[in-house]
Amino acid sequence: MKKDRFFYVAVLTVLLAVSLYACGGGGDSTTTTTTPTTTTATLSGTAAKGGAIASVTVAIKDKNGSTKTGTTGTDGKYTIDITGMTGPFLLKVSDGTTTYYSVSTATGTATANIHQFTDLIIRNWYKVKGADIDTVFSSSGALSQVPTASEIDTIAAVVVNIISSWLSTVGLDASTFNMITSAFNADGTGFDKVLDNNTVTIDASGNVTVTSTDATTGTPSTIATTSITTDLTGGTHASGTYTWNSTTGVITMNSTSSNFVCEGPSLGTDTITGVTIAATTMTWADKGDRDSPTTWTRTSGTATAGSIVGTWTATGGTGNSWTLTFNVDLTFSVVGNIVSCGSITSSAQVANNSGGRIDHVNVGNVSFSENLSYNTSLYTTDNGSYCGDGCSTGFLDVPDGTNNVVVYQTATSTPVSVGSLGSFVAGNHYAVNIRNVSNSYCAELWQKLDTTTHFNDDTTRVLISTTCQGASQFDGTYTGSWTDTCPLCGITNATGTFTITVANGVLLNYQETITSGGFGIKFDSGTVSSSGAIMGTGATPSQCSSSPSTFTGQITITSTGGAGMTMTYSRTASPEGCGAESGTMTATRM
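Cut-offs used in this document
Residues numbered from 1 in each chain as written. Predicted model: local features only at pLDDT ≥ 70, side-chain atom pairs only at ≥ 80, totals over all residues. Heavy atoms only, no water. Helix = DSSP H or I, 4+ residues; strand = E, 2+ residues; numbered from the N terminus. Buried < 20%, exposed > 50% of the residue type's maximum accessible area, 1.4 Å probe, protein only. Contact = heavy atoms within 4.5 Å. Areas by Shrake-Rupley, 256 points an atom, 1.4 Å probe, with all protein chains shown as cover. Disulfide = S-S within 2.5 Å. Pairing = 2+ DSSP bridges. Axes fitted to C-alpha atoms, helices over the stretch in contact; angles between N-to-C directions. Phe/Tyr/Trp six-rings, centres within 6.5 Å; stacked < 30°, edge-to-face > 60°. Lys NZ or Arg CZ within 6 Å of the ring centre and 35° of its normal.

Undergrad: Would you mind going over the overall build of the protein chain with me for this structure?
TA: Secondary structure assignment for the protein chain yields 5 helices and 41 strands. With 590 residues in all, the protein chain has 45% of them scored as buried. Partitioning the intrachain contacts of the protein chain with sequence separation of at least 6 by distance along the chain shows that 56% fall at a separation of at least 24. Of the accessible surface of the protein chain, which amounts to about 25,600 Å², a share of 51% is contributed by carbon and sulfur atoms.

Undergrad: Explain the state of the cysteines here, please?
TA: Covalently bonding the sulfur atom of one cysteine to the sulfur atom of another cysteine gives a disulfide. All chains considered together, the criterion is met by 1 disulfide. A disulfide bridge connects Cys442 with Cys468, and the sulfur atoms are separated by 1.9 Å. The disulfide joining Cys442 to Cys468 has a torsion of about 105 degrees about its S-S bond and is therefore right-handed. One end of the pair, Cys442, is in strand β32 (residues 440-447); the other, Cys468, is in strand β33 (residues 462-468), and 26 residues separate them in sequence. Relative accessible area serves as the criterion here: at 1%, Cys442 is assigned to the buried category.

Undergrad: What is the right way to read the sheet that holds strand β6 (residues 57-62) from this model?
TA: Hydrogen bonds between backbone atoms are what pair the strands of a sheet, whose relative direction is either parallel or antiparallel. Spatially, β7-β6-β9-β10 is the arrangement adopted by the 4 strands of the open sheet, whose pairing is antiparallel. In this open sheet, the two strands that pair with only one neighbour each are β7 (67-71) and β10 (99-104). The mean angle between the axes of side-by-side strands here comes to 20 degrees, regardless of whether they run parallel or antiparallel. As defined by bridge partners, β6 adjoins β7 across 5 bridges and the pair is classed as antiparallel. Paired with Thr57 across the bridge in β7 is Thr71.

Undergrad: What is the right way to look at the packing of aromatic side chains in this model?
TA: The description of two aromatic rings rests on the distance between their centres and on the angle between their planes. The full count for this structure, using the stated rule, is 12 aromatic pairs. Between Phe184 and Phe191, the ring centres sit 5.2 Å apart and the planes meet at 80 degrees, which makes this aromatic pair edge-to-face. Overall, Phe184 belongs to the buried group, its relative accessible area being 7%. When the centroid spacing of 5.9 Å and the interplanar angle of 75 degrees are considered together, the rings of Trp446 and Phe455 count as edge-to-face. For the pair Trp446 and Phe455, a shared accessibility class is recorded, and that class is buried. Each residue in the set Phe498, Tyr510, Phe523, Phe551 and Tyr569 is aromatic and connected to the rest through ring pairs, giving one cluster. Here the basic side chain of Arg461 rests over the ring of Trp446, its NZ or CZ set 4.8 Å away from the ring centre. The lysine or arginine in question, Arg461, covers the ring of Phe455, its NZ or CZ lying 4.2 Å from the ring centre.

Printed below as a string of structure tokens:
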């Protein structure tokens, strides 16, 4: 794990000399001098990467190129006197295998921690500026570019949003905890636990991967893969082409360029519905980008109701602001000042991968219809068109915890209750993927790490849970192969293939084919638990009635939404002279 942090310290030295001269016949002259006073300043903090970075050098470089060093203790803590230096400050620590940077834009004595996330923040700042922090720190002379506090805060807000659920887990408030200036101990608790279980990797192209490790199972999973390219000079921006249908009130925006991480259009096509344009104002339906604007004010262009051409501005509840321009040539551009990635409630989108028509889906008390609706102005029942297999909505805030999922095939059809999904954790983005299994709807809850892509294009998503309509998430038909062996002699008795159906958690319709040997595995019946565990029994041969066979196994949902089955089979030797048998069975859901 990396820790980096800049400290900005302004050292004020006041020298005051006052000379008093009294003039007069025979008078004396008197001079009074005040002794110079020097203000002492220090930078201190904790260097950690999932455990203290102990007994290593911490180097500090100030705005003018002056440097000082100190050493971390066994607890990773350091304190360095920076009296006489001028901020902002860059900090560097290396343990021989990993180097981390940090930054401080404070004035006077301050805290500057160094870890993988401070390293990510300041590396990104220099990347945006077209520079490399390794080169900048090792060069001589004054720093050619230094960050401001607001610029560092802008990037830090994006990073905090990625790990907000982890901060919540250890009892930290993402809205108040500062990864650079908030003191912590490298003792495996609190923020150090977050560092223990999250790693940051930055490749040669600047692409960032954050990997989270389950504290209980030790299983790692990617929680974010992104290239944080916040434009700190010209703002976060996007551009492309658009269409405006004043009859239906729909704007379609195709962004061919975008560096929005949140709260703005991503690359690709985006549809805004429910748009009303008056002379000086424009309103549209909530796009669900956490803090995205719904009310705009026209600042230039012809003040004509229904006309979209012109420049519009809007502000959000968390301090974000946007300037959006629609041009006559059907091109658009938008610049945003994004200071926060929205509220810390859960947000979700819905994706339709059912292979069929869906009008809208309710997640808890929130209805999702954008890109899912059967729009008669775009599609007709004659050609059977529908927006399916990959269509995904914008993000809307949903209640935290567990939410019921209800699918409406048409606007007036009977609602289909699919089941409950959870847990939705505050601060995270999710996708609810609707698919079809054995002619029934299933809903999958995925943590959405790359919010700039459509669901089917997001290679970073992580499956959280699955529920299926009136049944089990593991329902479906499985096909695979089996092998039967003699445990005592280790010889393979027979091999073959099989199919089996899981319906409502029950194993049904077992069929097998023998490809070698003279007999097969005699499976009879079984069940699948809510966790995917399999318990089954086998038909007992008449000549071996006192040694029934047993089956145990597991069905696992894969990262792509498929399912794999594994089972082991065993039968002990019987007094009737039947030898022991064992077998393995593996299959995947068709």
